[in-house]
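Here is how the chains run, residue by residue.
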Amino acid sequence: MKRWRMEGLMRRRGLASTLSALVFAIAAGWTGSGGAQTAPPGNFSQERLERVGDFIRSEIAAGTMPGAVILIQQHGRPVYFESFGVRDVKSGLPMTPDTIFRIYSMSKPITSVAAMMLVEDGKLSLDDPLAKYIPAFANVKVGVEKTDESGKRQLSLGPLNRPITIEDLLRHTSGLTYGFYGETAVRKLYARSDIYEGDFDNATFVERLARLPLADQPGTRWDYGHSTDVLGRVIEVVSGQTLFEFEKQRLLDPLGMSETAFSIADPAQRSRVAEPMPHDRIARPVAGIKDPILRLRWESGGAGMIGTIGDYARFAQMLVNGGTLDGRRYLRPETIAHMATDHIGPETGIIHDPFYFPGETSGFGLGFAVRTAVPANTRWALDEYRWDGAAGTSFFVDPRDDMFTIFMVQAPSQGGRLQTALRTLIYDAFERKN
């Protein structure tokens, strides 16, 4: 993008942000103007909070991303909300709060909440064997790598020591993995398999998946993979609806998440989609998803959704509130607390995979990473829970301080670095009273 054009957009940013903040506040059901122009509550330093915007602007100027939207919300009201840069350097359209983002694995918390609604309904139990709902998993094998006499690694298949449970799907201890990272024999089998061939639905996908061996015995290792996709199919079997139909009826529509879906229904809305920098695009499918914008029969509960920051704010506020929003209850407070508790701690004996994405100061609950220790030289919150997406989107909920942050961006190679820097800046600006 031409430097003069970017500078012109920056000069207009203040007016555009004020107008878009008002639109966003109305859409999200808030009162007041919101946004960075509103003085923050007493827990935040206005001066230090401005560094969040300075950092994002510096990243845009450096060419790491075209633009972004960030929302910090505490006590049910925006503390800092602003749009930066452009949706797409090719179109030059400004970034606005109604921009649509590929959220990839930020789909997982939504699917996990939907499953827990069925648990509360008494239609699903965490202890239930997966095969109760998808019989093909009754006879799934476990891949074990062994070294033969010549020193060559061989893959042998063994029986399950115990069934995969619904809890295993929620906490990623099912033995199901992904094939797009890592070099184990089972991951290589996933990568070479036909599980993504054609235009398939959730039922077909899990049947294909059940033909492949598990990477580990259930309940023994945290391994990031297709667990949440399989959980989405369980929701279909239990509810008698497609995953999207169930989520739309029970969660998305009641919450007002009208822009969250598995594809764009109206092609005319394509210009609202945020795009990464031309040099930072995802070159190959992630978890089988070529592009969540495109319509597929497969509704990937683990990575297939798109949405806006306003929609995800409604979801996050419901979590902060302990399962309620606008007088309607979605989950009980104790259910949210259970989901946001570490379920793979040392006492469980569960091993962390070498690709343990939550990091050494976090455990994992039922659909979220959970902060179990505050990293050295930070002021981050203990018990914060969170997740992110392959294109760079991220969110975290801080229940102790009654707040959440959502960062929407399309910068696949920058996501982890940006999350760390922004969380540090946010808590440097936060003045905790205890």
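Please refer to the structure higher up on the page.
This one's a predicted model, so the numbers in the text were calculated from it and none came from an experiment. (Residues numbered from 1 in each chain as written. Predicted model: local features only at pLDDT ≥ 70, side-chain atom pairs only at ≥ 80, totals over all residues. Heavy atoms only, no water.)

Draft legend 1. Just helix H3 (residues 107-120), in detail. With 14 residues, H3 extends 20 Å from end C-alpha to end C-alpha; this agrees with the ideal 20 Å at 1.5 Å per step. Extensive coverage of H3 is indicated by the burial of twelve of its 14 residues. Here H3 has its buried residues at Ser107, Lys108, Pro109, Ile110, Thr111, Ser112, Val113, Ala114, Ala115, Met116, Met117 and Leu118. Gly122 sits one or two residues past H3 and shows a positive phi near 80 degrees. (Helix = DSSP H or I, 4+ residues; strand = E, 2+ residues; numbered from the N terminus. Expected span 1.5 Å × (residues − 1). Buried < 20%, exposed > 50% of the residue type's maximum accessible area, 1.4 Å probe, protein only.)

Draft legend 2. Up close: helix H8 (residues 243-255). The largest bend in H8 is about 50 degrees, located at Gln249. Of the surrounding secondary structure, the elements contacted by the buried residues of H8 are H3, helix H6 (202-209), helix H7 (227-239), strand E7 (305-307), helix H9 (309-320) and strand E8 (324-325). A positive phi of about 85 degrees marks Gly256, the residue just after H8. (Bend = angle between axes of the 7 residues up to and from the residue. Contact = heavy atoms within 4.5 Å.)

Draft legend 3. Here's a closer look at the side chain of Glu275. Examined against the element boundaries, Glu275 turns out to sit in the loop between H8 and E7. The exposure class of Glu275 is buried, given its relative accessible area of 9%. Looking at Glu275, its side chain comes within polar contact range of the side chain of Arg270, at 3.1 Å. If we skip the residues at most four places from it in the chain, Glu275 touches Pro66, Arg87, Asp88, Arg102, Arg270, Arg281 and Gln410. (Polar contact = N/O pair within 3.5 Å; in protein donor to acceptor, adjacent residues only side chain to side chain.)

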